[in-house]
Amino acid sequence: LCGIRIPRHVWQACAAHWLADLQTMEGEPYRLRLLTHEERRKLEAKPDATRTVSRGRKVAPGMWGYHGAAGLNGSMTAGGISSLTICRAAIRGSSGPAYKSRREIETAIRSGFAWFGREFTVRDLPGPKTRLGDRLYYLYGLERACELNRVSLLHGRDWYFEGALWLIHTQRPNGAWSRLTDTAFALLFLQRSTLPVVTAPP
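Report follows, based on the coordinates. Computed from a prediction, not measured in an experiment: that's the story for all the values here.

1. Concerning the state of the cysteines
Taken as a whole and assessed by the stated rule, the structure comprises zero disulfides. With no disulfide of its own, C14 lies closest to C87 among cysteine sulfurs, the gap being 3.6 Å.

Right, dumping it as structure tokens:
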């Protein structure tokens, strides 16, 4: 955003870190179903059209934690999806090893969204049971992951509508959500504050 040019190898190293920390879940692969904002508008303009869009083949659900397999949860999985989305944009147009990295990144992003397909909720933090503040941090991460990828419906569910309803229900009479930081995360979610990816190869 500030116009600072970041070498491509930095983005590739960042992507390699997230790819190495992806933890694939056991069980049957999941059929990934996402609907972008643009696709949703087109479908709503045609009431008789199919209401869902399938994205590629089945994919093994995967998630991220704070230290590899430790602390796996929804907020870090959203962070993994978001970080890899930005890396993917930064190395777009590359060839050679970077091209292979882009394919691996795409698979990892789909894997994270497939995990959300099985575990998605806005009322709690998927993974370990935690306090309200962690849930609000998770919601902000979910907003970033979906908005960066222009996802409107996540496996047939309107993630923003469900999250907004839950936040309205839990807001205190004075307008706050628990701590000051929790209120900030809630407002960032409601505002849909995430900007489109603007990184470009140097």
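2. Let's talk about the nonpolar core
For soluble globular proteins, nonpolar side chains are generally found buried alongside one another. In this structure, F113, L139, L142 and W159 are the most contacted members of the largest nonpolar core, which totals 43 residues. Secondary-structure elements contributing two or more residues to this core are α1 (8-21), β2 (30-36), α3 (74-90), α4 (97-119), α5 (132-148), β5 (151-154), α6 (159-170) and α7 (180-191). The greatest single-element share of this core, amounting to seven residues, is contributed by α4. Those residues in contact with W159, other than ones at most four positions away along the chain, are F120, V122, L142, E143, C146, E147, V151, S152, L154, F189 and R192.

3. Thoughts on the pattern of salt bridges
Inspection of every chain in the model, using the stated rule, returns nine salt bridges. Shared partners join several salt bridges into a network, and the residues in it are E38, R41, E147, R150 and R192.

4. Considering the packing of aromatic side chains
Evaluated as defined, the whole model comprises eight aromatic pairs. Between F116 and Y138, the aromatic rings sit 6.4 Å apart at their centres with planes inclined by 25°, giving stacked as the arrangement. Here Y138 lies in helix α5 and F116 lies in helix α4, a separation of 22 residues in the sequence. Since its relative accessible area comes to 0%, F116 is described here as buried. Both rings, one in Y140 and one in F185, keep their centres 5.7 Å apart while their planes meet at 25°; by these two values the pair is stacked. One end of the pair, Y140, is in helix α5; the other, F185, is in helix α7, and 45 residues separate them in sequence. Within the aromatic cluster, the residues linked to one another by ring pairs are W115, F116 and Y138.

5. A closer look at the packing of α6 against α7
In the contact formed by α6 and α7, the axes pass within 10 Å of each other and the chain directions differ by 140°. Between α6 and α7, the crossing angle belongs to the class labelled oblique. For α6 against α7, the interelement crossing comes out left-handed. Each of W159, Y160, G163, A164 and L167 in α6 lies in contact with α7, whose residues at this interface are A186, F189 and L190.

6. Points about the side chain of T183
Along the chain, T183 turns up in helix α7. Taking relative accessible area as the criterion, T183 reaches 12% and is therefore assigned buried. In this structure the side chain of T183 is engaged in a polar contact, spanning 2.9 Å, whose partner is the backbone nitrogen of W177.

7. Things to note about a nonpolar patch on the surface
A surface patch of nonpolar side chains, amounting to about 260 Å² of accessible area, comprises I4, I6 and V10. Structurally, the position occupied by V10 is in helix α1. Taking relative accessible area as the criterion, V10 reaches 38% and is therefore assigned partly exposed.

8. Looking at the packing of α1 against α3
For the pair α1 and α3, interaxial distance at closest approach is 9 Å and the crossing angle is 150°. In terms of orientation, α1 lies roughly antiparallel with respect to α3. When you trace α1 past α3, the crossing you get is left-handed. Residue-level contacts link W11, C14, A15, W18 and L19 of α1 to M76, G79, G80, S83, L84, I86, C87 and A90 of α3. When grouped by side-chain class, the residues that make up the contact of α1 with α3 number 10 nonpolar, three polar and no charged.

Rules used in this analysis
Residues numbered from 1 in each chain as written. Predicted model: local features only at pLDDT ≥ 70, side-chain atom pairs only at ≥ 80, totals over all residues. Heavy atoms only, no water. Disulfide = S-S within 2.5 Å. Core = buried A, V, L, I, M, F, W, Y, C linked by side-chain atoms within 4.5 Å. Buried < 20%, exposed > 50% of the residue type's maximum accessible area, 1.4 Å probe, protein only. Helix = DSSP H or I, 4+ residues; strand = E, 2+ residues; numbered from the N terminus. Contact = heavy atoms within 4.5 Å. Salt bridge = Lys/Arg side-chain N within 4 Å of Asp/Glu carboxyl O. Phe/Tyr/Trp six-rings, centres within 6.5 Å; stacked < 30°, edge-to-face > 60°. Axes fitted to C-alpha atoms, helices over the stretch in contact; angles between N-to-C directions. Parallel < 35°, antiparallel > 145°, perpendicular 65-115°, else oblique. Left-handed = near helix turned anticlockwise from the far one by under 90°. Polar contact = N/O pair within 3.5 Å; in protein donor to acceptor, adjacent residues only side chain to side chain. Patch = residues over 30% accessible without salt bridge, like charges linked within 9 Å, V, L, I, M, F, W, Y side chains within 5 Å. Areas by Shrake-Rupley, 256 points an atom, 1.4 Å probe, with all protein chains shown as cover. Nonpolar A, V, L, I, M, F, W, Y, C, P; charged D, E, K, R; others polar.

None of this, on its own, says anything about what the molecule does.
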